[in-house]
Each structure stands twice: as C-alpha cells, then as structure tokens.
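Here are the chains, one letter per residue:
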Amino acid sequence: MSEEKRSSEFLRYASIVGPGIITALAGVGASGITTCSVVGARFGLSMVWLLVVSAICLGLFQEMSARMGVVTGKGLAGLIRERFGLRPTFFAMVVLLAANLGTTVAEFAGIAASLEIFGINKYFTVPVVALTMWALVVEGSFQRVEKAFMLICLTQVSYFFSAFLSHPDWGMVATSLVKPTVRMESPFLYSGVALVGTTLAPWMQFFVQSNVVDKNIKPLDLKYERADVFSGVFLANVVALSIIICTTFTLHRAGIGVDNVQQAALALKPLAGSYSSILFGIGLFGASVLSANVVPLSTSYSVCEAFGWESGIGKGFSQARLFFGIYSFQLLVSVCIVLLPKVSLVGIILLTQVLNGILLPIILIYMLLIASDERIMGNKKNNVVENTIAYMASMGILLLNVMLFVEGLRAL
Amino acid sequence: MLYLSTMLGSSVIDAEGKRIGRLADLVVREEKGFPRVQEILIEARRGFKRWYFSASWLDIWEVDRKRLVLASGASKARMERNGIFLARDLLDRQIVDLDGYKVVRVSDVRLMEVGRDLRVMGVDVGFPAILRRLGFSRLAQSFQNIAPGFLGEKMIPWDFISLISPTESDIQLRIEHRRLHQLHPSDIADILEQLDEEKRAKMFALLEDPKAAEVLSEMVPQVRSALAENLTDARLSKFLEMLPSDEAADILGSLPREKAKSLIGLVKAEKASRITELLSYDPQSAGGLMTTEYVAIPKSMTAQQAIEYIREHVSSAETIYYVYVVDPEGHLSGVLSLRDLLRSSPEKAVQDIMIRDVIVANIFDDQEDVASKLSRYNLIALPVVDDDYVLKGIVTFDDAIDVINQEASEDVGELSGVFIEGGKIKSMFLNPTRAAVLVVSMAGGLIATAILGGLGNNFAALGSLFVLIPALLRSSHDVSFWPLAKRIHEMGEDEYLGGRKTPKESMEVVYVFLASIIVSLGAFLGSYLWFDSLLLSIAGAIGVFCGVLASGILAIILSILLARMKPRVILRAGTSVINLSALCVSILCFVFVTRFLVQLLG
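Residues numbered from 1 in each chain as written. Chains lettered and ligands numbered in written order. Predicted model: local features only at pLDDT ≥ 70, side-chain atom pairs only at ≥ 80, totals over all residues. Heavy atoms only, no water.

Re the pairing of strand 22 (residues 391–396) of chain B
All names here are of chain B.
Alright, step 1. With five of six residues buried, strand 22 is to be regarded as a mostly interior element.
Alright, step 2. Strand direction decides the pairing type here: strand 21 (residues 381–385) and strand 22, joined by five bridges, are antiparallel. Residue pairing across strands places P383 opposite I394, the latter belonging to strand 22.
Alright, step 3. Between the end of strand 21 and the start of strand 22, which pair antiparallel, lie five residues, with Y389 showing a positive phi angle near 65°. (Buried < 20%, exposed > 50% of the residue type's maximum accessible area, 1.4 Å probe, protein only. Helix = DSSP H or I, 4+ residues; strand = E, 2+ residues; numbered from the N terminus. Pairing = 2+ DSSP bridges.)

Quick look at the interface of chain B and chain A
Alright, step 1. The partner chain A presents 18 residues to the 17 residues of chain B that form the contact.
Alright, step 2. For the pairing of chain B and chain A, the buried interface totals around 1,600 Å² over both sides, and the portion due to carbon and sulfur atoms is 44%.
Alright, step 3. The three residues of chain B that bury the most area against chain A are K102(B), R105(B) and L134(B), which together make up 40% of that side's buried surface.
Alright, step 4. Taken together, the connections running from chain B to chain A amount to five salt bridges.
Alright, step 5. A salt bridge links E82(A) to R93(B); its shortest N-O distance comes to 3.0 Å.
Alright, step 6. At the junction of chain B with chain A, the criterion picks out 14 residue pairs in polar contact (both at pLDDT 80 or more).
Alright, step 7. Looking at the side of chain B that touches chain A, the elements with two or more residues in it are strand 11 (102–105) and helix 3 (127–134) of chain B.
Alright, step 8. Ranked by residues supplied to the side of chain B that touches chain A, first place goes to strand 11 of chain B with four residues. (Contact = heavy atoms within 4.5 Å. Buried area = accessible area lost by both parts, 1.4 Å probe. Salt bridge = Lys/Arg side-chain N within 4 Å of Asp/Glu carboxyl O. Polar contact = N/O pair within 3.5 Å; in protein donor to acceptor, adjacent residues only side chain to side chain.)

Concerning the packing of aromatic side chains
Alright, step 1. Enumeration according to the criterion identifies 15 aromatic pairs over all chains in this entry.
Alright, step 2. Between F307(A) and W309(A) the ring centres are 5.2 Å apart and the planes differ by 25°, which places this aromatic pair in the stacked class.
Alright, step 3. Grouping aromatic residues by their ring pairs yields a cluster made of F207(A), Y301(A), F317(A), F323(A) and F324(A).
Alright, step 4. The aromatic ring of F85(B) is capped on one face by R88(B), whose charged end is 4.4 Å from the ring centroid.
Alright, step 5. The ring of Y3(B) carries R132(B) above its face, with NZ or CZ at 3.6 Å from the centroid. (Phe/Tyr/Trp six-rings, centres within 6.5 Å; stacked < 30°, edge-to-face > 60°. Lys NZ or Arg CZ within 6 Å of the ring centre and 35° of its normal.)

Some points on the sheet that holds strand 17 (residues 296–298) of chain B
Residues and elements named next belong to chain B.
Alright, step 1. With mixed pairing, the three strands of this open sheet are ordered in space as 17-18-19. Each end of this open sheet is capped by a strand with a single partner; those strands are strand 17 and strand 19 (332–337). Each strand of the sheet is rotated relative to its neighbour by a mean of 35°, with strand direction disregarded. (Axes fitted to C-alpha atoms, helices over the stretch in contact; angles between N-to-C directions.)

A closer look at the sheet that holds strand 21 of chain B
All names here are of chain B.
Alright, step 1. Read from one edge of the open sheet, three strands run 20-21-22, paired in mixed fashion. The outermost strands of the open sheet, each flanked by one partner alone, are strand 20 (361–362) and strand 22.
Alright, step 2. The pairing of strand 20 with strand 21 spans two bridges and is parallel. Within strand 21, the position partnered with A361 by the bridge is V384.
Alright, step 3. Sitting on the sheet, helix 18 (residues 367–376) is in contact with strand 20, strand 21 and strand 22, with an inclination near 135° to strand 21.

Some thoughts on the pattern of salt bridges
Alright, step 1. Within the structure shown, the criterion is met by 26 salt bridges over all chains.
Alright, step 2. Close ionic contact of D117(B) with R119(B) constitutes a salt bridge, the shortest N to O distance being 4.0 Å.
Alright, step 3. In the salt-bridge network here, residues are joined through shared partners; they are K74(A), E82(A), E305(A), R93(B), K102(B) and R105(B).

Some details on a nonpolar patch on the surface
All names here are of chain A.
Alright, step 1. A contiguous nonpolar surface patch, about 660 Å² in accessible area, is contributed by L369, Y391, M395, L398, V402, F405, V406 and L409.
Alright, step 2. With seven residues, the top contributor of residues to the nonpolar patch is helix 18 (residues 384–411).
Alright, step 3. Its place among the elements puts L369 in helix 16 (residues 345–371).
Alright, step 4. Its relative accessible area of 31% is what places L369 among the partly exposed residues. (Patch = residues over 30% accessible without salt bridge, like charges linked within 9 Å, V, L, I, M, F, W, Y side chains within 5 Å. Areas by Shrake-Rupley, 256 points an atom, 1.4 Å probe, with all protein chains shown as cover.)

Section: the nonpolar core
A general trend in soluble globular proteins is that nonpolar side chains are found buried together.
Alright, step 1. Counting residues in each nonpolar core, the largest one holds 133 residues, and the members touching the most others are F108(A), F149(A), W203(A), F280(A) and L290(A).
Alright, step 2. Setting aside anything within four residues of it in sequence, one finds F108(A) in contact with V126(A), A130(A), A292(A), L331(A), S334(A), V335(A) and V338(A). (Core = buried A, V, L, I, M, F, W, Y, C linked by side-chain atoms within 4.5 Å.)

Thoughts on the packing of helix 11 (residues 245–253) of chain B against helix 13 (residues 269–279) of chain B
All names here are of chain B.
Alright, step 1. Taken N-terminus to C-terminus, the directions of helix 11 and helix 13 make an angle of 65°; their axes are 9 Å apart at the nearest point. The crossing of helix 11 and helix 13 is right-handed. Seen from helix 11, the contacting residues are S245, D246, A248, A249, L252 and G253; seen from helix 13, they are K271, R274, I275, L278 and L279.
Alright, step 2. Taken together, the residues of the contact of helix 11 with helix 13 break down into six nonpolar, two polar and three charged. (Left-handed = near helix turned anticlockwise from the far one by under 90°. Nonpolar A, V, L, I, M, F, W, Y, C, P; charged D, E, K, R; others polar.)

A look at the side chain of T248(A)
Residues and elements named next belong to chain A.
Alright, step 1. Among the structural elements, T248 can be located in helix 12 (residues 222–254).
Alright, step 2. With relative accessibility at 4%, the residue T248 sits in the buried group.
Alright, step 3. The residues contacting T248, other than those within four sequence positions of it, are G40, G44, L45 and R253.

Observations concerning the packing of helix 8 (residues 157–165) of chain A against helix 12 of chain A
Residue and element names in this part refer to chain A.
Alright, step 1. One can describe the packing of helix 8 onto helix 12 by two numbers: an axis separation of 8 Å at closest approach and a directional angle of 30°. Once helix 8 is placed against helix 12, the crossing between them reads as left-handed. Contacts between helix 8 and helix 12 involve Y159, F160, S162 and A163 on the former and, on the latter, V238, V239, S242, I243, I245 and C246.
Alright, step 2. Within the contact of helix 8 with helix 12, the residues separate by chemical class into eight nonpolar, two polar and no charged.

Some details on a negative patch on the surface
Residue and element names in this part refer to chain B.
Alright, step 1. A cluster of acidic side chains, namely E214, E218, D398 and D402, defines a negative patch on the protein surface.
Alright, step 2. By the element assignment, E214 lies in helix 8 (residues 209–218).
Alright, step 3. Overall, E214 belongs to the partly exposed group, its relative accessible area being 37%. (Lys, Arg positive; Asp, Glu negative; His and termini not counted. Charge placed at Lys NZ, Arg CZ, Asp CG, Glu CD.)

What follows is the structure in structure tokens.
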C-alpha cells in the first residue's frame, strides 16, 4: 500500500470515528468504574480475563448494531417496530425508558461523587454541569456535540496514567489476562457477573446504531465504522483494565477493601500519591458526564424511532421537539433525584440492573433475527459463524443476568 | 369504519363452514382515489409449518367482527404478485414529509365499506390507534373524549400519502406535515374544492362535527351548494346552529330556495329569525356582511351591570370588545369599549361614559366601503344601522378582512405595532429586542461597576453616600427609556392612538427635570433619616438630581439623533446605546458632584 493511500485511509477513518468509541467509553460509566475499582481492590487481577470475554461479546454486538444502522439507515427501535410490530416495541421502550432513567441517575450520582473527591459541593456543580451539557446538546450541531463527547473521552486517559503510577508488575498482568481463574465462592461470582454485566447494556446497542444513522454513515464506509466500533471496545476494556491494575497494586496489595469509588480514590492518596487520587477523580468525572448525556440521548433516539418522530442531535429544537423534550425530561428528573437528600440510590441501581437484565437478552435476540434477515440486511446479513457465536453469547448473558438478579435479591 | 389491526387475525371460513386459517393481510392495487381491497391473504398453520392462501374480496360473503365467510374456496397464494400488502407495506412504517423529515409511524389503516367494496380511507397515526393495537380499545375511546386535539384520533387520508417504491420501506407525504394535523378549516375547504364530487363527499363525511361546519362555511358557494344538497337535513340544520348567524345565512343563501326553506324550519326560532333577516340583504352590502351577534345594552345600565351583561353573553357574541348602547326603540346612541367599562367606576351610568358620535355603516353600504372604514379607523367592529339609525348588526374585522386586498391587510399589520412581521405576531419571549434589553441592562450594570471600581479614591470622599447609588442607577435607567419609548410609540402607533399627541422634546426635558427633582427629594429624605446629617443629605440629593437629569437629557439628545434611523435599528441598537451611555453619565455626574460638595461643605 502506498504512503498516500494509507494516509487517505486514515483520514477517512478519522472522519468516521466517533459513535463506536463514544458508546463503548460511555458504557464504562460511573457504575463500571465502581465495579472495576471494587473488583481490583478485593480480588486483585484474578478477574481480568473476564474483560477479554466481555470485550468479545461487546465487540460482536456493537458491530452488529453499527452494521444494521449503516445498511438500513434506521435505528434499532425502528427496525424492531417494522419487523416485530407495535406491542414488543412498546414494551421494549417502556422498559428502556425506566432502565435508562435509572442509569442516568446513577451517572449523575457519579458526577456528584467525583466532585466530592475534590471537595466541591454537588448542589452547585451538578446543576451547572447538567445545564452546560444540555445547552451543548440542544444548541450544538452534530459535529460539535460529537467533538465535545470525544474530548470528554480523553479524560479516560487519566486511568492509564494512574495504572502506571501504581507501579504494576506487567508480567503478572499479562498472565492474568490469558489465564482464567474461578473461585467458587459467592462474592467472587457475583462480582464477576457484575463486571461483565456493566460493560454490556441494552442502551448501548440502541445508541450506537442511532448515532451511526444520525451521523449518516454510508454502506461504503462500513469498514471504517467497524474499525471505530472495535477501537471503542478495545479502549473501553483498556480503561477497565487500567482501573483494576491501579487498585490491585495499591489497595489490594495493602489489603484495603473498598465499597465505592469515592473510598477508592481517597484511599489511593497515601498509597500512590495525591496525583493518583486526582487522576481517579478526573476519570470518574469524565466518564459520568459522558454517560449522563449519552444514556438519555439513547432513550430519546429510541423512543422517537419507535414512534417515527424526527430525531437527531444536529436538529433544531423546533424540528425535533419530542427528541429534545425526552432528553431534557430525563436530565431534569435525574438531577432532581440525585440532589434530593436521603434518596437511596442502591434501590434505584438494583432495579435498573433488573430491568436491563430483562431487556438485554430480548433485544439481543431481536437484533440477531433482524441482522440475519436478508430482506432487511441484503448481502450484509450475519453469517453462520457470527450467528452461532452471537446466540451462544446471548444465552450466556441471559444466564449471567439471571444469576446477577438472584444475587441482587439475596443481597437485599 | 373498520381498522386493519382489528381485522387481522380474524378467522376465515369457507363456504362449507370449515376454517381455512387466519387473515394475514389485505392486498390493494394503486388506483385513483381510495383503493379497493382486491384480495385477502390467509395464513394457515399447523405446528411450525405455514401455508398461505388467497381469495378475491368479491368472493367474501360476510364480514363479521371476528370472522370472514367466503362464498367459495381459497386458492394457494402466489406471494410474488404485485400490489400493496397493507399489513406488510403500511403498518408500522415510517412516514416522512416532502423534505424527508420523519413525521410519525403508521399505527393502523382505516377501511370503509362502500357498497360491495372495502376501500382504504387512510392511515391512522394518532395515539388512540396505538392504544387500540396494544389492546386497550376502551382507553383509546376515553382519550379521544378527554383530549381530542392532542391525544385524539389522527388520520392521514390516502390521497396525501405515496409509497415511494416497493423496496423502500418509508412512506412519503404529499403535503407539508405541519399542515396536516392542524389543517385550518379554510385549508381543508381548499383541498375539498379540488376533489371530484364523489371523493369530496366521502372526505367530508370523515370530518368531525364542529370542524365540518366551519369547513362548509369556508367553501366557495358553488361547491358548497353541491355538497350541501347531498347532506341530510338533520346534519345541515345542526351546522346552522353551530355557526354564527352570518355564516349560517351565507350557507343558506347558496342553497336552492326549497331546501333553504325546509332547513330554516329546523333551526331554533330565535336564530331562524336572525338568519332570515340577514338573508334579505344583498350579500355584497354591509347587511350581507354583518353578524347579529353583538352586545347591546340600554342607556340606563351602570358600568357594573354592563360588565355583568357582557359576562352572560360572552359565548353568543362575536366580539365583546365593543358594547353598543341603544335606546328603547333600538336606535344606536353610543358605543363603549370594554376598556372604557373596566376603567370607569362601577356605579357610573353608561350614558355618561359612552362615546356619542359613533362611526357607523349604513346597511346598504357597499362591503368595500365598510372594510375600508374599519381599516381607516382601526376598529375591531363597525356597527351597521338602517336609515332610521336603528342598530341592525355589526361587521367584525375578520369578516371585513376577506374583502380587503392583500396590500391593505399588510398595512393593518404594520399599523398595529412593531412586533408584527409578515402578518404573524412574533414570539414575545424570543424577540431579539427583549433579549437585547436584557443583555444591555446587564452590560450597563457591569460597566457601572467598573466605573465605581475605577473611582476607588473618589469614592472614599463620598463617605456613606454611596448607598444612594442603586437608587440612582435604577432611576436613570427608567428615565433614559422614556424618550426611546416615545419614539417607538410614534413609529407604529400614532395613527392607532387616534391623533393623541405625544409630547414635544421641550416638554420631555421638563418631565425629566421634574422626575429628577422627585427622585432627589426621595434621596434627601432617605439619607437624612438614615445618616441624620443635613449637609450630607443635601449633597447626596444634589448629586442624585444631577445624575438623573444628566442621563435623562443625554437620552433625549440621543433619541432625537436616532429618530432618523429605521425602526428596527432604534429598537435593537438604540436601546443599548442610550441605556449604556445614560448609566455611565449618571454615575459619573453623581460621583463628581457629590464629592465636590462633600469636600466643599467639609
């Protein structure tokens, strides 16, 4: 390949890249960071091989969604309505709305927590952050919003640095990645399931597909979009790995167990220096802000798709009133819930997990049926190998979700 | 009316009473008008195996709620045939408008039995259709009753949609989508006028009642009479009851004499007599244009009683803005606006507050004269009297506006104020002018703060008098807006005010002077009570006086300079320039005068 061709290929990729990376990194979010820090502090590196498994699952389904978006030019919710009718779509939308609202609340709680690491009052900052993002999304063009999201994604590099600051044993990391370890004890299994569960949520499938459609990526650019999706999945798992490494070689080594990310960040200070703690806070802030916007947008995209209303980040408020209305509504409700004193987020997060757990397998099956339908996908439909792996993966995910649900109930 | 969603899945039974399968789809072919269902597609199932049969619609013997009975057997279906499969190609599909914007998805398809045929009337896109398909038909009905506009049934007639191509899954609208759900009666009338007679009648049958009446009154007379002849007397007479009597008379006037006579017998006596009277005038005259639904009161009423009277008749009158005062014989003796009534003391008699020389139209005046009179005097309604000066009716602005040509109507729009552009009132909140004022006030405040900061040393000399600064800024701000407000007033509204004079520039200086004195007196009193020091208070008061006066005079000068510019420039730039400079000048004056005085007085 000539030098010139290579550089034009890269430029093409650079113009397409976005939806995949944003979705995958937003998928980490506050809950992902919490899970990873807790897992690292408690179990060390023994679970990192699970990241490889979840990366394969995530990559498989994200690629499928992105491909469906590129080929059909329609969002997932729209395709489900056209293929399976109103009832299943309506059900899916109600569950998605509730689950995403719960997730958004959790992400805003993440914003509040990250600010409290720096000792900043949440009653001032959470509304300000929400308002700023709202203004950006409602007023900004698609390109501007995407650029802003990509910039926020950059904050995730901080975890990479905090991993280095913890002076890890890289050889150990490499072996743990390929050597599966399973301990047959309840906390270990529960955390393992949670680790996989947090990286794959229904809204991610809806969002990546709608965002690809919104960006108007044409079938000709499918391979670049695939590259985008895979880079996103790779980066998201590197972030997760970095967090686990960081907490393993500091907290786990010192034998400090933590329950949430705030404790983790504060406990890092004496062990790895205040830089590490600050980096942790910045990363958490970025991840939460990103998810707190992407998740409500995913709901807006999907509901509008399902009922056929105009949608799109680049549209004006008057063109896509319901789209921005749904987005604003979720933002408002989430901010209010987070700022209310004495609201237990544990219940909300558990309920969200349950709803996501119910919805995810159903959505995955719908996706598989649509992606293998020649009338819809033409020659870009799933092949047998993809389908086999995907069916196995969705069965596995169904099983994991049932386990997570049962464990969650027992934990209550 | 039948719905595709309720029909799908019903059992199909052959001539021997044997169940063939369930109804899977209906097939239509593109044709002019509302297409007929040609064939039905039947799905038979055993275990996981499926077969498809088809049958011609003409072979269907009976359509039941949950059952279709065939007169003959069904044949094996050939799936590759062309045609539109309603469930497959329409249901749940995206509708896009002319520009490709997404509008809504198809929730149901409406069908209607016309003779032996089943025809597709249009696609359902409303909220009740969604509920119906989710299985809550009752709930759908109640939503229809609660909020018919927002959550009610919405249908897009077949004529307005086009299938882009069999392979493309989206459906395109033929008209702009915003117009669709809120088609104004006159728009619907326009569309109906372009259809042929058969289709027009069918489309009209789909309209809900109050809207149908309005649509009918908006049609051109020839089309209206043709359409009305085919309507039942009961429905027509209901329309006549619903419409104001002038519009009812218009409809009756375009009907054949016999039909009109029989109809008028069905209408309530009171309304009927009004309509007959209106019918007797030439449609091109004031009498033909006027309505008899006005508010008239006797001279002896008090303002309080008059307001009560208006309240009682608010629903039956076409306009309540003017109240006409008549003597016992019905002679028009004066007019009152609602504003006059509300402003006067309640026990005052109306004859003491009414305007006696009323602008009127004679009942035989040409309609164009009436319209130009309304426009010339900027009235909302014009009373119509006969040769004996007996009040017969009023011509309201909206009736007259049809008569005035486009140009005149635009003039009226311009006259009625600066917030009207292209005949539409611009949203008040988003008006750039308002936003500009807000921004400017903010900027003015900030600059004032900057000046205060810059005057740090002088400040100390003021002693405690700085507490007067907020009051000073507030007053100068208000005073500086006066001259500008006057310009704006003059621009659009001097005719509207009926020649009421706005003050001359010299008078404005006097006003500003007086205002400054009042404000400074207030400042003196306030600071005297506060500091208990006569000298200090005098210094403060003089400072405030100078500040307010300076800003007011500056504003007058600037507004004279600006007056030659375009209205828009005055509104957008003028406010900022005047406000900013006035605030600066006012604070500088205040600080320097007060400092000088304080030092002088020791």
